[in-house]
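Coordinates in review
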Amino acid sequence: QMFFKKTKSDLSRIPSWRFREMHRGEMNVDPIEGEFFNTEAIASMSDALVREAIQNSLDASVGRGPVTVRFSFNSGTEKAAEKNKGRYLSGLGMHLEARHSGLQNLPSPAEAPDPILIEDFGTRGLQGDIHQFGDLNENEKRNDFYYFWRNIGRTRKERTDLGRWGLGKTVFQAASRINTFFGLTVRADDNRKLLMGQCVLRIHRVNGKRHSPYGYFGMFDGNLALPVDESGYIQRFSEDFGFGRLDQPGLSVLIPYADQDIRPVDCIKSVIKHY
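Residue positions within a chain follow its written sequence, with the count starting from 1. Side-chain atom pairs in this predicted model are given and counted only at pLDDT of 80 or more, local residue features only at pLDDT of at least 70, and totals for whole chains, interfaces and linings cover all residues. Each side-chain value is derived from all of the structure's non-hydrogen atoms; neither hydrogens nor water enter the calculation.

**What about the overall build of the chain?**
Helix and strand definitions follow DSSP, with helices as H or I runs of at least four residues and strands as E runs of at least two, each counted in order from the N terminus. Each helix and strand counted, the chain has 8 helices and 9 strands in total. When a residue's accessible area, from a 1.4 Å probe over protein chains only, is under 20% of the maximum for its type it is buried; when over 50% it is exposed; and in between it is partly exposed. Looking at the chain as a whole, 49% of its 275 residues qualify as buried. Throughout, a residue-residue contact means that at least one pair of heavy atoms, one from each residue, lies within 4.5 Å. Long-range contacts, defined as pairs at least 24 residues apart, comprise 74% of the intrachain contacts of the chain with a sequence gap of at least 6. If you sum the accessible surface of the chain, you get close to 14400 Å²; carbon and sulfur atoms cover 49% of it. Values of accessible area rely on a 1.4 Å probe in the Shrake-Rupley scheme; residue burial ignores everything except the protein chains shown.

This is the structure in structure tokens:
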């Protein structure tokens, strides 16, 4: 049985999950960034999540007043989240269940998504051209959106920033039992609300075709994933999962099927330890 079945109504929806089909001759490379957060390399997943999430938020401060970061467990209305998980995860199941996806112990279709929601305030959000897909031109403006969604291990953070290797954000996928997270940002410069999602697996086959490890949730211009910006859709998503963000600039990250070892009491200890 598919992890999430795709219904006829889902087929007509514009926002969707998509993994790029790979071409012949491409280098076969499975992601290794998740190894930075395996149980042997870190004290605990709670510790890594708190440390990296707050670090990234502090780096994005607008410089006026404090940066506030809120962690919410089992966020949103439980019934709404359970009822609508298929709406936001439809089409992802065939990739999660692929033989070589790299996932172990997938949650059952009957399980609630049990998400963790991390929201920051007093930050600039993910600003920058949402269409940018390369950075060989050194004169291009700073683009947080591009570096957050389309880069691993690459960053343009300054030496004074707390995180400089572009790997901290990968803790979000590592904290999910299905290696998946959503990001909703409100940008300080243009007040746009943008929603996207990402899932990181291994090279895998679906319907006999080889697919890239990196999948995206959003709109698509060919193979380029673009964020959902339709206000009604974003409002419903926010309500289903209890987002606190209204029009305040910043970033909200939703981690569905969170690692069951991440507990509130351990996160509190990590906040005290690191910050």
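There's plenty left to go through after this.
**Topic: helix α8 (residues 264-274)**
All buried positions along α8 are accounted for by D266, C267 and S270. Projected onto a plane normal to the axis of α8, the buried residues spread over an arc of 100° and lie on a single side. Exposed residues on α8 whose side chains face more than 90 degrees from its buried face are I268, K269 and I272. Considering only its buried residues, α8 is in contact with α2 (45-59) and β2 (68-73). Throughout, the arc means the angular range of directions from the helix axis out to the C-beta atoms.

**What to know about the environment of K209**
Turning to its location among the elements, K209 is positioned in strand β7 (residues 209-221). Setting aside chain neighbours within four positions, we find K209 in contact with E21 and H204.

**Focus: the pairing of strand β9 (residues 250-255)**
Each regular strand shows side chains that alternate between the opposite faces of the sheet. With 6 of its 6 residues buried, β9 lies for the most part within the structure. The alternating pattern of β9 places G250, S252 and L254 and L251, V253 and I255 on opposite faces, both of which are buried. For two strands to be treated as a pair, DSSP must find no fewer than two bridges joining them. Relative to β9, strand β3 (residues 116-121) is paired through 4 bridges, and the arrangement is antiparallel. The partner of I116 across the bridge, within β9, is I255. Alignment of strand β4 (residues 180-186) against β9, held across 5 bridges, turns out to be antiparallel. By the bridge assignment, L184 is partnered in β9 with S252.

**Topic: the nonpolar core**
Nonpolar side chains tend toward joint burial in soluble globular proteins. Within the largest apolar cluster, 29 residues are counted, with the highest numbers of intra-cluster contacts made by L49, W149, F172 and I255. For this core, the elements supplying multiple residues, two or more each, are α2, β3, α5 (144-149), α6 (171-174), β5 (193-200), β8 (224-226) and β9. By convention a nonpolar core is built from buried Ala, Val, Leu, Ile, Met, Phe, Trp, Tyr and Cys residues, the set being connected through side-chain atoms within 4.5 Å. Within the second largest apolar cluster, 23 residues are counted, among which are L92, L103, F182 and F217.

**Regarding the pattern of salt bridges**
We count a salt bridge whenever a side-chain nitrogen from Lys or Arg sits within 4 Å of a carboxyl oxygen from Asp or Glu. In total, this model carries 14 salt bridges according to the counting rule given. With a shortest N-O distance of 3.8 Å, E21 and K209 are connected by a salt bridge. Remark: K209 occurs in strand β7 and E21 occurs in strand β1 (residues 16-21); sequence separation between them is 188 residues. You can call E21 partly exposed: its relative accessible area is 40%. Residue classification places K209 among the partly exposed residues on the basis of a relative accessible area of 43%.

**With respect to the confidence of the model for the chain**
Known as pLDDT, the predictor's per-residue confidence is scaled from 0 to 100. Of the residues in the chain, 81% have a pLDDT of 70 or more, and the chain-wide mean is 86. Note that pLDDT drops below 50 for residues 1-12; the model gives that stretch 26 contacts with residues more than four away or on any other chain.

**A short note on the packing of aromatic side chains**
Aromatic rings from Phe, Tyr and Trp, with only the six-membered ring used for Trp, were paired whenever their centres fell within 6.5 Å, and each pair was classed as stacked if the ring planes differed by under 30 degrees, edge-to-face if by over 60, and tilted otherwise. In total, this model carries 16 aromatic pairs according to the counting rule given. With a centroid separation of 4.9 Å and 75° between ring planes, the pair formed by Y146 and Y147 is classed as edge-to-face. Y147 matches Y146 in its accessibility class, with the two residues each being buried. By the ring-pair criterion, three or more aromatic residues cluster together here, those being W17, Y88, F182, F217, Y233, F237, F241 and F243. Here, a charge over a ring means that NZ of Lys or CZ of Arg falls within 6 Å of the ring centre while also lying within 35 degrees of the ring normal. Between R18 and the ring centre of F220, over which it is positioned, the NZ or CZ distance is 4.2 Å. One cation-aromatic arrangement involves R245 over F121; the distance from NZ or CZ to the ring centre is 4.6 Å.

**Details of unusual backbone geometry**
A positive phi is found at N191, a non-glycine position, where the angle reads about 65°. Within the secondary structure, N191 sits in the loop between β4 and β5. By relative accessible area, N191 is classed as exposed at 53%.

**Thoughts on the packing of α2 against α8**
Each pair of packed helices can be described by the angle between their axes along with the distance between the axes. Think of each axis as a best-fit line through the C-alpha atoms, taken over the contacting stretch in the case of a helix, with angles from 0 to 180 degrees between the N-to-C directions. Orientation of α2 relative to α8, taken along the N-to-C sense of each, is 50°, at an axis distance of 8 Å. Overall, the two elements α2 and α8 adopt an arrangement that is oblique. Regarding α2 and α8, the two cross each other, and that crossing is right-handed. The segment α2 lies against α8, with S46, D47, V50, R51 and I54 engaging D266, C267, S270, V271, K273 and H274. Polar here means any residue other than Ala, Val, Leu, Ile, Met, Phe, Trp, Tyr, Cys and Pro, which are nonpolar, and Asp, Glu, Lys and Arg, which are charged; Gly is therefore polar. Of the residues assigned to the contact of α2 with α8, the class counts are 4 nonpolar, 3 polar and 4 charged. Roughly parallel means an angle under 35 degrees; roughly antiparallel, over 145; roughly perpendicular, 65 to 115; everything else is oblique. Whether a crossing is left-handed or right-handed is set by the direction in which the near helix is turned from the far one by less than a right angle, anticlockwise for left-handed and clockwise for right-handed.

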